[in-house]
Amino acid sequence: MPHIILGLAFDIERDQSTASGYRPAEYDLGVGLSLFGDLRLHGFAVAIQSGLAERIILAGGDEGRYKEEQPIINRAEAIKAMLEADFGIDPNLVTAFPSRSNTGGNIAIFAREIESSGRQQSDFALMTNLYHLPRASIDMAAKGLLGVNAIAAEAALLYANPACKEAIIRRLGEGSLAERYAEEAAGIADKLRGTYKPRTDVAPVDIGAIVAGNA
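Residues numbered from 1 in each chain as written. Predicted model: local features only at pLDDT ≥ 70, side-chain atom pairs only at ≥ 80, totals over all residues. Heavy atoms only, no water.

Observations concerning unusual backbone geometry
Cis rather than trans, the peptide bond between Gln-70 and Pro-71 has omega equal to 0°. Along the polypeptide, Pro-71 turns up in the loop between strand E4 (53–60) and helix H2 (75–87). At Phe-36, a position not held by glycine, the phi torsion is positive, near 60°. Of note in the backbone geometry, Glu-174 takes a positive phi value of approximately 65° without being a glycine. Locating Glu-174 in the fold gives a position in the loop between helix H6 (165–171) and helix H7 (176–193). (Helix = DSSP H or I, 4+ residues; strand = E, 2+ residues; numbered from the N terminus.)

Below, the structure is given as structure tokens:
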């Protein structure tokens, strides 16, 4: 059964070369680190296109890069515009809610929408980058949303196209951590398809021997 995706917004920038006029920002305004918002945006889009999601609810604060400008640019509304204008997503399938500019503020919006929907928490799935899911899940739990599923945006990409795994690794800068990251996302995608098979050895492990260096 398709999920209702709860999409956490990300920083955006103006871009006159796109139909929407926006693009995902490369760096987080607050800490200056790579954001990988492009992977999140594409994950939102393919979730709809692949049938993984029936619709998307976005929540996000105002973009601080343009806080002195009018009208104010809201991240959730800008992402909705990107999905519609740049990816051809049906506007009726995407709802955007302005919130405070932090994960907790976004999740407060999601809690309200889940409660007002009359549906089960398991009908919903939180979507953000894989690196962001652990912390976001703590905030979800604090709001009593333990029944909501969690889907990494990268897993949505691999659900729609398993062949994009190498592209994800390159986007993450390559190396062993990027490969591990992509492998975990691929595992999530397999679980979503119902095709996941454990690959680890199921034989008992002698932890004492490992610690002693005898294994």
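Let's pick the thread back up.
Concerning the layout of surface pockets
Volume-wise, the largest pocket comes out at about 460 Å³. Lining the largest pocket are 23 residues; nearest its centre among them are Asp-28, Leu-35, Thr-103, His-132 and Arg-135. When the residues that make up the lining of the largest pocket are grouped by side-chain class, the tally is 8 nonpolar, 9 polar and 6 charged. (1 Å grid on protein atoms, 1.4 Å probe; cavity = no way out; pocket = protein on both sides within 12 Å on 5 of 7 lines; lining within 4 Å. Points joined across faces, edges and corners; volume = space filled by probe spheres on them. Nonpolar A, V, L, I, M, F, W, Y, C, P; charged D, E, K, R; others polar.)

A short note on the packing of aromatic side chains
Per the stated rule, a full pass over the model turns up 1 aromatic pair. Directly above the ring of Tyr-66 sits Arg-14, whose terminal nitrogen or CZ lies 5.0 Å from the centroid. Here Arg-112 stacks its cationic end above the ring of Phe-97, 4.9 Å away from the centre of that ring. (Phe/Tyr/Trp six-rings, centres within 6.5 Å; stacked < 30°, edge-to-face > 60°. Lys NZ or Arg CZ within 6 Å of the ring centre and 35° of its normal.)

Some remarks on the packing of helix H1 (residues 37–49) against H2
Running from amino to carboxyl end, H1 crosses H2 at an angle of 60°, the nearest separation of the two axes being 10 Å. Relative to H2, the element H1 is oriented oblique. Note that H1 runs across H2; the crossing there is right-handed. Of the residues in H2, those touching H1 at Leu-41, His-42, Phe-44, Ala-45 and Gln-49 are Ile-79, Met-82, Leu-83 and Phe-87. (Axes fitted to C-alpha atoms, helices over the stretch in contact; angles between N-to-C directions. Parallel < 35°, antiparallel > 145°, perpendicular 65-115°, else oblique. Left-handed = near helix turned anticlockwise from the far one by under 90°. Contact = heavy atoms within 4.5 Å.)

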